[in-house]
Amino acid sequence: MNEIFTYNGSDITMNVCLSVLAVTRIIAQKNKIPFDEASLIFSKSKTCSLLHECENGLWTESPEYIVDLFYEEKRKTA
């Protein structure tokens with residue numbers, strides 16, 4: 001990832017990256033799958049795309065909240 005994420009002129013790249021990391025870990029644990037597999041699954045989701053859109057503020061939410069959104073998305077597409 002070479003992208004820099006900003007919000008109101010502040011660099012929030014670390015916040016976004018840490019959120020992605022935490023969410024991916026939770027998904028891996030819940031599904032008992034390797035981290036890299038969970039990373040691939042999450043990176044293809046709409047939830048991950050929303051997390052990269054800094055203006056919506058999703059990056060400020062807890063990893064557990066973001067994981068809930070991810071699973072809600074999966075339920076809707078199933």
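Residues numbered from 1 in each chain as written. Predicted model: local features only at pLDDT ≥ 70, side-chain atom pairs only at ≥ 80, totals over all residues. Heavy atoms only, no water.

*Asks:* Looking at this structure, how should I read the side chain of glutamate 73?
*Replies:* Inspection of the secondary structure assignment puts glutamate 73 in helix H4 (residues 63-77). Buried and unpaired, glutamate 73 has no salt bridge, with lysine 74 as the nearest side chain of opposite charge at 4.5 Å. A distance of 2.5 Å separates polar atoms of two side chains, one belonging to glutamate 73 and the other to threonine 47. Glutamate 73 has contacts with Ser45, Lys46 and Thr47, leaving out every residue within four places of it along the chain. (Helix = DSSP H or I, 4+ residues; strand = E, 2+ residues; numbered from the N terminus. Buried < 20%, exposed > 50% of the residue type's maximum accessible area, 1.4 Å probe, protein only. Lys, Arg positive; Asp, Glu negative; His and termini not counted. Salt bridge = Lys/Arg side-chain N within 4 Å of Asp/Glu carboxyl O. Polar contact = N/O pair within 3.5 Å; in protein donor to acceptor, adjacent residues only side chain to side chain. Contact = heavy atoms within 4.5 Å.)

*Asks:* What should I look at first to understand the packing of aromatic side chains in this one?
*Replies:* Any two aromatic rings considered together are summarised by their centre-to-centre distance and by the angle between their planes. Under the definition given, this model contains 3 aromatic pairs. Aromatic pair tyrosine 7 and tryptophan 59: ring centres 5.5 Å apart, planes at 65°, arrangement edge-to-face. Linking tyrosine 7 in strand E1 (residues 6-7) with tryptophan 59 in the loop between helix H3 (46-51) and H4, this pair joins segments that are 52 residues apart in sequence. For tyrosine 7, a relative accessible area of 28% gives the class partly exposed. Both rings, one in phenylalanine 42 and one in phenylalanine 70, keep their centres 5.7 Å apart while their planes meet at 70°; by these two values the pair is edge-to-face. Within this pair, whereas phenylalanine 42 is found in helix H2 (residues 35-43), its partner phenylalanine 70 is found in helix H4, the two being separated by 28 residues in sequence. Overall, phenylalanine 42 belongs to the buried group, its relative accessible area being 1%. Clustering of aromatic rings is evident, with ring pairs tying together Phe42, Phe70 and Tyr71. (Phe/Tyr/Trp six-rings, centres within 6.5 Å; stacked < 30°, edge-to-face > 60°.)

*Asks:* Can you walk me through the side chain of threonine 24 in this structure?
*Replies:* Turning to its location among the elements, threonine 24 is positioned in helix H1 (residues 13-31). From its side chain, threonine 24 meets the backbone oxygen of valine 20 in a polar contact 2.7 Å long. If we skip the residues at most four places from it in the chain, threonine 24 touches Phe35, Ala38, Ser39 and Phe42.

*Asks:* So what exactly am I meant to see when it comes to the environment of glutamate 72 here?
*Replies:* Structurally, glutamate 72 can be placed in helix H4. Residues glutamate 72 and leucine 40, spaced 32 residues apart in sequence, show a C-alpha to C-alpha distance of 18 Å.

*Asks:* Is there a simple way to explain unusual backbone geometry in this structure?
*Replies:* Negative phi values dominate among residues other than glycine, just as trans dominates among peptide bonds. The backbone of asparagine 8 sits at a positive phi, close to 50°, despite the residue not being glycine. By the secondary structure assignment, asparagine 8 is in the loop between E1 and strand E2 (10-11). Within the chain, lysine 32 stands out as a residue other than glycine whose phi angle is a positive 50°.

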